[in-house]
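Observations on the three-dimensional arrangement
Below, each chain spelled out in residue letters.
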Amino acid sequence: MAQSFDMVVIGSGPGGYVCAIRGAQLGLKVACIEREHLGGICLNWGCIPTKALLRSAEVFHLMHRAKEFGLSVEKAGYDLDAVVQRSRGVAKQLAGGVGHLLKKNKVTVIMGEATLTAPGKISVKTDKGTEEVTAKNIVLATGARARDLPGLEADGKRVWSYKHALVPAHMPKKLLVIGSGAIGIEFASFFNTLGADTTVVEVMDRVLPVEDAEISALAKKQFVKQGMKIMEKATVKSLDRKADKVIATIESGGKTEAQEFDTVISAVGIVGNVENLGLEKLGAKIDRTHVVTDEYCRTGVEGLYAIGDVAGAPWLAHKASHEGVMVAELIAGGHPHPIKPNSIPGCTYCNPQVASVGLTEEKAKAAGYQVKVGRFPFIGNGKAIALGEPEGLVKTVFDAKTGELLGAHMVGAEVTELIQGYVVGRTLETTEAELMETVFPHPTLSEMMHEATLSAYGRAIHF
Ligand SMILES: Cc1cc2nc3c(=O)[nH]c(=O)nc-3n(C[C@H](O)[C@H](O)[C@H](O)COP(=O)(O)OP(=O)(O)OC[C@H]3O[C@@H](n4cnc5c(N)ncnc54)[C@H](O)[C@@H]3O)c2cc1C
């Protein structure tokens with residue numbers, strides 16, 4: 001007989017497992033179905049293992065700077081296999097933790113591939129055969145995968161997707177990264193720091209194109225200083241794959257040139273896992289590669305929700321988790337608030353780090369706001385100097401009429417940890433007045449968040 005549940009979550013990434021746990025906490029009988037690894041892309045092939053790799057690169061970079069700090073390192077070196085093993089170990093540890101949390105919360109875990117066969121009915125292909133499950137509510141949290149553009153498809157040999165790049169079979173000597181979004185630029189930063197001669201090709205007019213233009217420009221300056229070559233408004237037209245190299249035809253500024261690389265990372269976006277789920281049959285709408293939902297993640301089909309990457313941008317783990325909690329609360333009869341898109345922070349863990357929340361200066365102006373913009377450079381901050389990290393900027397964008405903090409944008413050391421201060425501010429609908437009133441501890445990088453607010457009103461002290 002089919003097992004029946006109040007809520008079945010398909011996918012155990014940061015959207016799915018968090019949704020399942022919250023549902024169980026609220027007293028629902030919950031199952032979570034996963035076809036591959038508990039923890040999804042984030043824990044196994046995304047956020048976590050990349051951060052582990054980038055930490056190794058950061059330590060390696062600091063080893064080269066030892067003399068500046070009065071230290072000596074005999075010969076800085078690395079063992080790529082060991083770096084990768086550490087990253088895989090971190091991912092494994094955390095994925096194991098998800099299993100433990102699901103068990104602790106009495107969520108039934110079913111390992112297998114789920115398909116919706118009728119409203120409230122799911123068929124799961126497991127190792128042991130097919131299992132039928134019924135559910136009052138179904139939450140799709142099936143995530144996404146790397147986009148393959150025709151001719152630029154990853155093959156795992158010389159052309160890699162993010163999955164190949166996380167467990168590199170060789171250390172690239174001459175690397176081409178196609179796409180300078182967060183994923184592309186993090187891998188570019190990692191391999192460039194370890195010594196790969198790295199070129200990044202970006203079709204838009206700047207690297208990290210979703211970020212504030214000033215922040216993108218400062219990040220680019222640092223990347224170039226570190227030896228990266230950046231080609232903007234450029235397109236990789238084709239890849240000619242040989243046994244030991246790839247010849248890329250790149251169009252830039254009206255000219256086409258062929259360049260040789262030994263490795264290519266294709267980071268041209270992601271597509272939602274919407275196929276083979278039986279969605280069309282149930283009447284759920286799919287727009288290109290994501291399931292169409294309203295602000296409460298409802299698909300328009302009674303009892304069917306979609307959260308996280310499969311429900312569209314921004315493709316971020318914390319957005320997936322937040323939606324997971326909201327949907328679980330809705331199903332359990334609560335009245336949660338929908339997520340506010342302009343309050344979802346974005347972080348990129350390249351060197352230097354980049355972090356932002358809310359509207360860029362350009363977008364705020366385009367939306368009709370009169371803005372007050374504040375800026376504070378790392379060079380004016382005592383902690384940044386003490387850390388040996390004097391390059392960077394904190395920028396704030398306020399509504400000149402109301403003082404609302406519309407956006408905050410940062411580049412520099414540890415900004416991925418700092419941004420949350422402004423995110424809390426946005427949740428509390430803060431204005432410049434509360435931020436100015438707030439006492440920031442000294443010496444910290446966070447003092448720049450205060451100064452960047454004061455600066456918007458002509459009151460910065462240290463610059
Ligand atoms: C290299 C890389 C680095 C990243 N770094 C960051 C970062 O630093 N910060 C950040 O916020 N985000 C980052 N992301 C994005 C982040 O990983 C995703 O936004 C997040 O994983 C989305 O969570 P999800 O729950 O929607 O889906 P996923 O994590 O993709 O999980 C979906 C799960 O569903 C399972 N599944 C799919 N179909 C079925 C089916 N039919 N039956 C059963 N199971 C199924 C899959 O196996 C998978 O485990 C990164 C992504 C990549 C690729």
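Residues numbered from 1 in each chain as written. Predicted model: local features only at pLDDT ≥ 70, side-chain atom pairs only at ≥ 80, totals over all residues. Heavy atoms only, no water.

Per an unreviewed UniProt entry, the protein goes by Dihydrolipoyl dehydrogenase and derives from Paracoccus lutimaris. Here is the UniProt Sequence similarities (unreviewed entry) comment for the protein, exactly as written: "Belongs to the class-I pyridine nucleotide-disulfide oxidoreductase family." If you open the UniProt record of the protein and go to Catalytic activity (unreviewed entry), you find "N(6)-[(R)-dihydrolipoyl]-L-lysyl-[protein] + NAD(+) = N(6)-[(R)-lipoyl]-L-lysyl-[protein] + NADH + H(+)". (UniProt positions renumbered as here; feature names shortened; annotations may be inferred.)

**Concerning the site of the ligand**
The environment of the ligand is formed by 38 residues, the closest being Gly15, Glu34, Lys51, Asp309 and Ala317. Between Ile41 and the ligand, the recorded distance is 2.9 Å, taken from a backbone N or O atom to an oxygen atom. One of the side-chain N or O atoms of Asp309 is found 2.9 Å from an oxygen atom in the ligand. Relative to its free-state accessible area of 990 Å², the ligand is covered by the protein chains to the extent of 94%. Elements that contribute at least two residues to the shell around the ligand include exactly strand S2 (30–34), helix H2 (40–45), helix H3 (47–64), strand S4 (113–118) and helix H9 (317–331). Here the residues of the shell around the ligand are counted per class, giving 18 nonpolar, 14 polar and six charged. (Near = heavy atom within 4 Å. Polar contact = N/O pair within 3.5 Å; in protein donor to acceptor, adjacent residues only side chain to side chain. Areas by Shrake-Rupley, 256 points an atom, 1.4 Å probe, with all protein chains shown as cover. Helix = DSSP H or I, 4+ residues; strand = E, 2+ residues; numbered from the N terminus. Nonpolar A, V, L, I, M, F, W, Y, C, P; charged D, E, K, R; others polar.)

**Looking at the UniProt feature "binding site: FAD" (unreviewed entry) in the protein**
Per the UniProt entry, the sites bearing "binding site: FAD" (unreviewed entry) are Lys51 and Asp309 in this numbering. Restricting the annotated residues to those that line the second largest pocket leaves Lys51. On the secondary structure map, Lys51 appears in helix H3. Beyond its immediate sequence surroundings of up to four residues, Lys51 is in contact with Glu186 and Tyr349. A distance of 3.0 Å separates polar atoms of two side chains, one belonging to Lys51 and the other to Thr50. Summarising the element assignment, Asp309 is placed in the loop between strand S19 (304–306) and H9. The residues contacting Asp309, other than those within four sequence positions of it, are Gly143, Ala144, Ile270, Trp315 and Leu316. (1 Å grid on protein atoms, 1.4 Å probe; cavity = no way out; pocket = protein on both sides within 12 Å on 5 of 7 lines; lining within 4 Å. Contact = heavy atoms within 4.5 Å.)

**A closer look at the layout of surface pockets**
Empty pockets left among the atoms are what a rolling probe the size of a water molecule brings to light. The computed volume of the second largest pocket comes to approximately 1,400 Å³. Secondary structure elements with two or more residues in the lining of the second largest pocket: H3, helix H4 (80–104), helix H6 (182–193), helix H7 (213–225), H9 and helix H12 (415–427). Among the elements that make up the lining of the second largest pocket, the one with the highest residue count is H3 (nine residues). In the lining of the second largest pocket, the residues fall into 21 nonpolar, 16 polar and 13 charged. (Points joined across faces, edges and corners; volume = space filled by probe spheres on them.)

**A closer look at the domain arrangement of the protein**
Domain boundaries assigned for the protein yield domain 1 (3–146 + 271–341), domain 2 (159–268) and domain 3 (352–456). Taking the mean C-alpha position of each, domain 2 and domain 3 sit 29 Å from one another. Domain 2 puts 13 residues into the contact, and the matching count from domain 3 is 13 residues. Ranking the residues of domain 2 by area buried against domain 3 places Asp212, Glu214 and Ile215 at the top, with a combined share of 47%. Between Asp212 and Lys395 there is a salt bridge; the shortest N-O distance is 2.9 Å. Our enumeration of links across domain 2 and domain 3 arrives at seven residue pairs in polar contact (both at pLDDT 80 or more). Taken together, the residues of the side of domain 2 that touches domain 3 sort by class into six nonpolar, two polar and five charged. (Domains from an automatic or database assignment. Buried area = accessible area lost by both parts, 1.4 Å probe. Salt bridge = Lys/Arg side-chain N within 4 Å of Asp/Glu carboxyl O.)

**Regarding the nonpolar core**
In terms of nonpolar packing, the biggest core is built from 34 residues, with Phe187, Phe190, Phe191, Phe223 and Ile265 touching the most fellow members. Of all the elements in the fold, those that place two or more residues in this core are H3, H4, helix H5 (162–166), strand S9 (174–178), H6 and H7. When neighbours within four sequence positions are excluded, Ile265 is seen to be in contact with Trp160, Ala165, Leu175, Leu176, Val177, Ile178, Phe187 and Phe191. (Core = buried A, V, L, I, M, F, W, Y, C linked by side-chain atoms within 4.5 Å. Buried < 20%, exposed > 50% of the residue type's maximum accessible area, 1.4 Å probe, protein only.)

**Section: helix H14 (residues 447–456)**
Here H14 lies mainly inside the structure; ten of its ten residues are buried. Buried within H14 we find Glu447, Met448, Met449, His450, Glu451, Ala452, Thr453, Leu454, Ser455 and Ala456. Residues of H14 that are buried make contact with strand S22 (371–377), strand S23 (393–399), strand S24 (405–411), H12 and helix H13 (432–437). Downstream of H14 by one or two residues, Gly458 has phi in the positive range, about 70°.

**A look at empty space enclosed by the protein**
Inspection of every chain in the model, using the stated rule, returns one cavity of 30 Å³ or more. Of the voids in this model, the largest cavity is the one considered here, and its volume is about 30 Å³. Taken together, Thr50, Leu53, Leu54, Glu186, Phe187 and Phe190 make up the lining of the largest cavity. Where the lining of the largest cavity is concerned, the elements lending two or more residues are H3 and H6. Grouping the amino acids of the lining of the largest cavity by side-chain chemistry returns four nonpolar, one polar and one charged. Among the domains, domain 1 (3–146 + 271–341) and domain 2 (159–268) are the pair contributing at least three residues each to the lining of the largest cavity.

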